[in-house]
Each structure stands twice: as C-alpha cells, then as structure tokens.
Amino acid sequence: MPVVVVESPAKAKTINKYLGKEYTVLASYGHVRDLPAKDGSVDTDNDFAMTWEIASDSKKHVKAIADALAEDGELILATDPDREGEAISWHLQEALTKRKAIRKDTPVSRVTFNAITKAAVEEAMKNPRQVDMPLVEAYLARRALDYLVGFNLSPVLWRKLPGAKSAGRVQSVCLRLIVEREMEIEVFRAREYWSVTAILVTPRGQEYEARLTQLAGKKLERYDLENATQAELAVQAITSRDLTVQSVEAKPASRNPSAPFMTSTLQQEASRKFGMGARQTMSTAQRLYEAGHITYMRTDGIDMAPEAVMETREAIKERYGAEYVPSSPRMYKNKAKNAQEAHECIRPTDMSKDAAGLKLSEPDQRKLYDLIWKRTIACQMEAARLERTTVDVSSSDGQVVMRATGQVVLFDGFLRVYEEGRDDSVVDDDDKRLPQITQGEPAQKRGITPEQHFTQPPPRYTEATLVKRMEELGIGRPSTYASIVTTIQDRGYVRKDKNRLIPEDKGRLVTAFLSNYFQKYVGYDFTASLEEELDDVSAGNRDYQKVLERFWRDFSAAIEETSELRITEVLEKINEVLEPHLFPATQDGSDPRLCPNCGAGRLSMRTARSGGAFIGCSNYPECRYTRAFGPPGAEDDGAIPPDGKLLGTDQDDEIRIFKGRFGPYVQRGAATEETPKPPRQSVPKEWPPEELELERALMLLSLPRKVGDHPEDGIPVWANIGRYGPYLKHAESTSERGGTNANLESLDEVFTVGMNRAVQLLAEKVASRGGRGKAAAPIRELGEHPKEGGAVNIMDGKYGPYIKWEKVNATLPKEVEVESVTMDQALELIAEKAGKKPTRKKATRKAKAKPKT
C-alpha cells in the first residue's frame, strides 16, 4: 500500500477520498526542514553547502511517514505543483533517506496536479516522475540568498541603526516603494485650476451637462483657467452668448472582459472589492483549493485548460443564452515579467457550480469563490457593445464651445456577470446617458457653474496596488507577494490605515540607511534581474552556485565596507536624506534645524539609550531640548519623550514614565551605580500612557500587593499585573515558580481584592484543573474550642490533612487517622503549633546540570 505525502491534513483528507483504501495519505504539515538561525548555515567557503535542521514540530510528522514506509515500502510525493512544493518533496526525500526509511530498493516518485479533483488526481497517478532538481536548485538559491542577506545585513542594521529589526532581499525593496511614494506625497505642491460646466436644456425640456472645452477660439488645457477671476470671465463669455448644437456624433464601441485570475490579480481584486489583505486572500484561496473547489492559487499564468474553456462556454450558454457565448473561445497570454511559475489560471474546478451551489458556510470562502467563479465565467463571455455619443454645443461666433459626452449599453455581454473594480474611484463622464439631441437645435442655459480644483498627490499604496507595482517591476513571485507585504507590517516598518500603507519612521530610517550604504541591493532593476537569473536556474539554464558566488562576492564586500562606519556618520547621512521630512521648510524662511529652546544649537536625529530615535539639540547636555522623531508637531501633546516624562515626585524620588522595548513603564528614581535597576512596573494596555498621572503610577509601583496570608496554610497571597493581565499568586513570592495562579477579572481588582474573594478564586482555579477544588470545606468538624471558642476542624490541605483553628494550622502526623483524632489531641497539636514562631522555608537552589558531552 503506497504512502502518499501532501502538505496539509485538509488536502490529505480530500485526496484520500479519491484514492481509497489502497493508499495511505499523510500530511507533512508544510516544510519539514529549514536553515538554523545561526552563523554557518550556508557555508560560503564550501560551494554554499547548506546545513538543514528538522523543525521540532516536524519531527513527529517525519516519524509518522517513516513508520508508514516501514510497512508499505513505496513513497509518492504529491506536494503542490510549484517551487515550494517541489522543495518540500525534496526535503522529505532527503530527511527520510537520512533516517534510512528510504532504502535503495524503495520506489520514490513525484506526482503533481493543478486541481484536487478525482480526475486530476487519478491522471497524476498515471504520470509519475522524479523530483525536478532545477526547480529545487532555484529554491536552494533563493533560500541561500535570503539567509545571506538577512543574516549578514540585519546585524549591520542593529549596530548602526537603533530600533531597526531586520532587512530582507525583497522586503527592503518593497519597503522602499512605500517610503518613496510617501516622500513624493510630502514634496507634492497642489496646483489650483478651474473648470466650467453648464446645465443645458433641449427644446423638449430634457437636461444634460456640458463642460467648456474652447474659449476665445482656443482649446482649453487643464491649467488654462488658473484662478477664480479667469473662471468668472469664462462664465460671462458663456452667459452673454446663445448656444446651438454644432454636432452630434455617435460611435459604436465595445468592452472586452478581463483575463481570468492569477495570484496577483486575485489579491488586487479581493482588496478592491472586499478590503481583504494579501495574506487573508491567500489563506482563504488555500482552503478552497484543498477542498477541491478551485485550481492551484499560486500562479503567474492566465491560460485555461481547453476542457475548462469548453465547460465554461457550456455554463454560459445554459445560464445566459447562446447570444452571450462568443463564436470562438477567448485566448489569454501572460504579460507579466518572468512568468516562470505559469501554471493554469485560478478558476473553479466545476464551472456548473456557483457559490450558492457549493453551499460554503465560511463567509470569506463564499465571497472569494463567487469572485473567482464570476471572473472565470465573464472571461469567456461576449464583449459588451456600447454606443458613445459626443455632442458639441457652440456660440455662433465660435468663441465658446462646450462638450457633452455619454454612452448607452446596447448589449451588456460579460457586464451581466462581472465588472472589474478600480483602485481609485474615478467618475467617468462617458458613463452618463444623454437625452435625444439633434444637430442645429438651440441649447438653453439653465445654470453655469465654475468649479475650483486642486491637483492631487499620488495615492498611497494599498496592498492591491503594491502587489501590482511589484509585479510590474518583476520583484517577488506569486508565492511570496503575501508574505512580503505582511512582513513589513509585522516588523513595524509600515502601518495600514483605511486600507492604505503608510511608512513608520523606523521604516524611513531603514530605507534611508540601505539606499545610501547598500544602494545596489535595494535597486528595482537589480532585484528584478536577480529574479530572472533564479528563473533561469529553475528552467535548468543557469548554475545556482554561480549565481550565489557572484552575488556573495559583491555583497560581502559591501558589508565589510560598513564595518568602519561610525554611528554619528550614519546618523548625519540619514539627517541629510530625511531632511525634507524631519526639518521641512518654515513659512518665515528661518532655519528649520535651529533649536527653538537655546536658539544656538542645531537639531538632528539622535539615538536613545533604550533604542529608537528622536530629535535632539547639538548643545546637549547644556540644552536638553528633544522632540519625537518625525516632522515638528507630529507628536501628541502627551507624547513620552526619549528621556521619559516626569509625572511628579514621591518621597524625594522622581516618578517618570518611559517608552521601553516591550512597552511603556513607570520608574521610581534614576538609574545610578548604587541602584542600577530602580523599581519599575509596566503600564497595562488599558491605561493610555499619555494620560497616566502620578497617583496611578504610584499604585503600579506598589505592586506586587500582598493580600494577606492564606487562612488554610499561612502562605502569602499576592495580587499583581503580569504579561497576560491581572492575577493572584499563592506562593512565598511572585517570583517563585511554584504556587497557584488565578486570573482577576479587572485591573481594579489588583488593588481592591480581599482575602475571601482571593481564596475563592484560587480554589476555583485548583478545581478547574482537577485538583483540590473543595479544600476550603472541612473533612471533619471536631466542635468549638473548649477554652478560647472558635471552630476546630480537620482540613484536607496541599500536603495532607491538618488541624485548623482560627489562624493556627497544625499538620496532622502521617500515622494518625483522620477518623481517630480526638479534641484533646487536636488541642495539643494546636498548642504546640501556636508556641512556635512561623518560619518561611528558604528556596533550595538546584544544582547546576552538568554540561552534556
């Protein structure tokens, strides 16, 4: 019984349904090996040999496959039909060979299918092959390049640029696109211009709108009417003249449907229509693919299989009629650069089933499938036929000419099903419908409106337009678009606001640094040409080790050159590059870098001890002026400066709030040689740091708060705020590893919770994990204390039964049975316990483990 291996359990489940009991289908759960994140994983001195390591999560999956092979003895690798899928198959074969699960006589084959349907899977099984090594070598080259760039360039960033997190071969180029677009927006200066429109009326009383296109016998260009005065003169010229329809021209036109989806266009359209991010789109498409509903979703191709084209034409005829089916099938050719991953387009596997027919329960899947189905149907439909009409209305002396445009849809064609979205909402005058207008008839003026306009800066990228631009430049590939766009957001280099991508200041810093010291490696042409070389490797036309050798020779030299750079030199260079952003020109023409505090020092970017950057004065320490990194006035009034914000004093100590690596925190006093780590406490997320006052800061610094000693065993109970929110701890101290923890419902409870509530919460916590949930209830009641009063009970404690009276807890000797204890014995144990002073056990230090040889 052959063992078939795929990436995911969902895919395994679908394939198992088609193959039946004759096969064992297992999942690898993605990549099973990767390069360890340490120096030497790619040996640049030994032909770029790579050291691979099986991920801890993958070991059990590799073992499961090896165990199955021990019984079955044949391996079929059925991972995805792209470069990543080929790499997973190669890794599996290598890892299983190392484990000796694959022997010399073990048959190993590779099968691929573009859709998970019964027909596609059965056809693939009839055509096995071996792992495609050129495709694997292309993967090896990309992985080595990403490692060499990330592992060598990121430490340079950390040393020279505080706050920077990482750099990547493609992510840094993508970040540069966003930063440069933002800089274009910042230097953009809006230009004023005016237009004039009029509401005209036919002799039959029907209105239509026309705009002024000629004035004083001259064709009007966009900026000819520069101000309100010129616009008003144009209005007067129209008002003072009678207008007549000079010409009416109707031309037939047609609109063809868009090509079917490939990865980038699917991401773009899902973003436009649903606001879905690239990662969300791809994960939803992955689930549709694994369920057998669509073809493979990582592709540069837009061609369709002939049988799919015929099935689509049949579906169109059946649903909409023969007039919507063109006489011959539509053929699409890919226009993107480097279309090496050109599998078939993304389309439904069964064109007869629309979204309603599939009955998908998940909203994202339903929306995305509907989009893919409609686009695929539309791409094989008849073109829409239109009639575009242009009407020119003029004065008898030819001084004024106005134009009205409109169009009529004569046959809707593919528009009946689908129309592609637009990245920016533009109102097209041609979309308007005109009334019946006849040449030579008068045009009565009902209203003339001058309208002021300003030129607009280039729009910020959305994820859709960014992917589109990357595709145009030949940067990245279908399998990487989503991860690149996600990574730069996860790193904090870019944020998304109203679906637009805006660079953060640390993103600007990284781009400024790389553009000056590693200009070649964030160049668009260099990155695209490197992608072409890697595509040549996958086609078997280039040696991947030669590609790596040539890249590493120049790149390692560039890294070496930066080793002598001083941080001050780097910062001054970045000051120069970011000057338009950090120090924009002032309205009065004064020096924007002159310190507003001392009037003598120069402002420049500086680094904070805690990491990050800020703007400071060159006269430090005489002048302590600082402001947040960014243009003046960008920070909030309550923003925390790099040196902390003073909240007040308490017992002669300054209480300040700082921004740290892991978030804001309050601190008592300054760090000195005697007190290198003064008392600190993190500010919880629920309290905005900019609004924090002294009273609350002191409350935080009083933590952990001792609620009291637990009545059951005398061990303290603490209230505190931790990584996961407010909590109780039943232990000698909050730093102790053992004990019992229980969550508190709100922050306020940290400062107000009493012992009764604390005991209840701790008991509930113990009960929830199957422990002594009813410890607070006595297991035997002995009665009232004969002399002092108060109940004497036997309790079931953490370390066994004990006698409890008031605050005295006396352990019951192991040899004494609970049922045989008398009041006299209990009083004796209580008296003995009460006579001793309670002592706290010292934590015993564990001996250091001997190093493994």
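Residues numbered from 1 in each chain as written. Predicted model: local features only at pLDDT ≥ 70, side-chain atom pairs only at ≥ 80, totals over all residues. Heavy atoms only, no water.

Our next topic: the overall build of the protein chain. Counting secondary structure elements, the protein chain contains 23 helices and 32 strands. Along the longest, intermediate and shortest principal axes, the C-alpha atoms of the protein chain span 125 × 85 × 65 Å. Split into buried and exposed, the 853 residues of the protein chain put 46% on the buried side. Contacts in the protein chain between residues at least 24 apart in sequence constitute 65% of all its contacts with a sequence separation of at least 6. Just so you have it, the protein chain exposes about 45300 Å², and 47% of that area is on carbon and sulfur atoms. The centroid of the 125 positive side-chain charges in the protein chain is displaced by 3 Å from the centroid of its 129 negative side-chain charges. (Helix = DSSP H or I, 4+ residues; strand = E, 2+ residues; numbered from the N terminus. Buried < 20%, exposed > 50% of the residue type's maximum accessible area, 1.4 Å probe, protein only. Contact = heavy atoms within 4.5 Å. Areas by Shrake-Rupley, 256 points an atom, 1.4 Å probe, with all protein chains shown as cover. Lys, Arg positive; Asp, Glu negative; His and termini not counted. Charge placed at Lys NZ, Arg CZ, Asp CG, Glu CD.)

Glancing now at the pairing of strand E32 (residues 808-811). Two elements, strand E31 (residues 800-805) and E32, share 4 bridges in a ladder whose sense is antiparallel. Bridge pairing links Trp805 to Val808 in E32. What sits between the antiparallel neighbours E31 and E32 is a turn of 2 residues, in which Glu806 has the positive phi angle 50 degrees. (Pairing = 2+ DSSP bridges.)

In this section: helix H6 (residues 171-187). For H6, which comprises 17 residues, the first-to-last C-alpha distance of 25 Å matches the rise-based estimate of 24 Å (1.5 Å per residue) to within 8%. Among the residues making up H6, those that are buried are Gln171, Ser172, Val173, Cys174, Leu175, Arg176, Leu177, Ile178, Val179, Arg181, Glu182 and Ile185. (Expected span 1.5 Å × (residues − 1).)

Bringing the sheet that holds strand E23 (residues 663-668) into the picture now. One key point about sheets: their strands pair by backbone hydrogen bonds, in either a parallel or an antiparallel sense. Pairing within the open sheet is antiparallel, and its 4 strands lie in the order E21-E22-E23-E24. In this open sheet, the two strands that pair with only one neighbour each are strand E21 (645-650) and strand E24 (680-682). Taking the axes of each pair of neighbouring strands and ignoring which way they run, one obtains an average angle of 25 degrees across the sheet. Sitting on the sheet, helix H20 (residues 694-701) touches E21, strand E22 (653-660), E23 and E24, and the angle it makes with E23 is about 85 degrees. (Axes fitted to C-alpha atoms, helices over the stretch in contact; angles between N-to-C directions.)

Membership of the largest hydrophobic core comes to 93 residues, with the highest contact counts inside it found for Leu75 and Phe518. In terms of residue count, helix H5 (residues 133-160) provides more of this core than any other element does, 13 residues in total. Residues within four places of Leu75 in sequence aside, it is in contact with Val3, Val5, Ile65, Leu69, Leu96, Ile102, Pro107, Val108 and Ser109. (Core = buried A, V, L, I, M, F, W, Y, C linked by side-chain atoms within 4.5 Å.)

Strand order in this open sheet of 4 strands is E29-E30-E31-E32, and the pairing throughout is antiparallel. On the outer flanks of this sheet lie strand E29 (780-784) and E32, each paired with one strand and no other. Strand-to-strand twist of the sheet, defined as the mean angle between neighbouring strand axes without regard to direction, takes the value 25 degrees. Bridge count for E29 against strand E30 (residues 791-797) is 4 bridges, and the pairing is antiparallel. If you follow Glu781 over to E30, its bridge partner there is Asn793. Packed on one face of the sheet, helix H23 (residues 823-835) meets E29, E30, E31 and E32 and runs near 110 degrees to E32.

The next point concerns unusual backbone geometry. The peptide bond linking Leu703 to Pro704 adopts the cis configuration, its omega dihedral lying at 0 degrees. Turning to its location among the elements, Pro704 is positioned in the loop between H20 and strand E25 (705-709). Despite not being glycine, Tyr29 shows a phi value in the positive range, around 60 degrees. Residue position: Tyr29 is located in the loop between strand E2 (24-27) and strand E3 (33-34). Overall, Tyr29 belongs to the partly exposed group, its relative accessible area being 46%. Residues other than glycine seldom take positive phi values, yet Lys498 does so here, at roughly 50 degrees. Positionally, Lys498 belongs in the loop between strand E16 (494-497) and strand E17 (500-503). In this structure Lys498 comes out as exposed when scored by relative accessible area, which is 77%.

Time to look at the packing of helix H13 (residues 463-473) against helix H14 (residues 481-490). Where H13 contacts H14, the axes come no closer than 11 Å and their chain directions differ by 120 degrees. It follows that H13 is oblique to H14 by the angle criterion. Judged by the twist between their axes, the crossing of H13 over H14 is right-handed. Across from Glu463, Leu466, Val467, Met470 and Glu471 in H13, the residues of H14 making contact are Tyr481, Ile484, Val485 and Gln489. Here the contact of H13 with H14 is composed, by residue class, of 6 nonpolar, 1 polar and 2 charged. (Parallel < 35°, antiparallel > 145°, perpendicular 65-115°, else oblique. Left-handed = near helix turned anticlockwise from the far one by under 90°. Nonpolar A, V, L, I, M, F, W, Y, C, P; charged D, E, K, R; others polar.)

Right, let's get into the state of the cysteines. Tallied over the entire structure, the rule returns 0 disulfides. Unpaired in terms of disulfides, Cys595 finds its nearest cysteine sulfur in Cys617, a separation of 3.7 Å. (Disulfide = S-S within 2.5 Å.)

Predicted coordinates in areas of low pLDDT are best not read in detail. On average, the protein chain scores 87 in pLDDT, and the residues at 70 or more come to 92%. Predicted confidence for residues 336-340 stays below pLDDT 50, and this span has 19 contacts to residues more than four positions away or in other chains. Under a pLDDT of 50 for its full length, residues 837-851 has, in the predicted model, 3 contacts with residues more than four places off or in other chains. (pLDDT = per-residue confidence, 0-100.)

The way to describe two aromatic rings as a pair is by their centre distance and the angle between their planes. What the rule picks out here adds up to 18 aromatic pairs. Taken together, a centroid distance of 5.0 Å and an interplanar angle of 10 degrees make the contact between Tyr147 and Phe151 stacked. A residue pair is termed a helical-turn pair when its members lie 3 or 4 positions apart in one helix, as Tyr147 and Phe151 do in helix H5 at 4 residues. Assessed through its relative accessible area of 8%, Tyr147 is described here as buried. The exposure class assigned to Phe151 is partly exposed, which follows from its relative accessible area of 28%. Ring centres of Phe658 and Tyr665 lie 5.5 Å apart, and the angle between their planes is 15 degrees; this geometry places the pair in the stacked category. Like Phe658, the residue Tyr665 is buried in the burial classification. Taken together, the ring pairs in this structure connect Phe513, Tyr517, Phe518, Tyr521, Phe526, Phe551, Trp552 and Phe555 into an aromatic cluster. Over the ring of Trp90 we find Arg33; its NZ or CZ atom is 5.5 Å from the centre of that ring. Positioned over the ring face of Tyr223 is Arg191, at 3.9 Å from the centre of the ring. (Phe/Tyr/Trp six-rings, centres within 6.5 Å; stacked < 30°, edge-to-face > 60°. Lys NZ or Arg CZ within 6 Å of the ring centre and 35° of its normal.)

Relative to the assigned elements, Gly616 resides in strand E19 (residues 613-617). Considering only alpha carbons, one finds Gly616 and Arg680, 64 residues apart in sequence, at a separation of 26 Å. Among all residues touching Gly616, those that are not within four sequence positions of it are Arg602, Leu603, Ser604, Arg606 and Tyr625.

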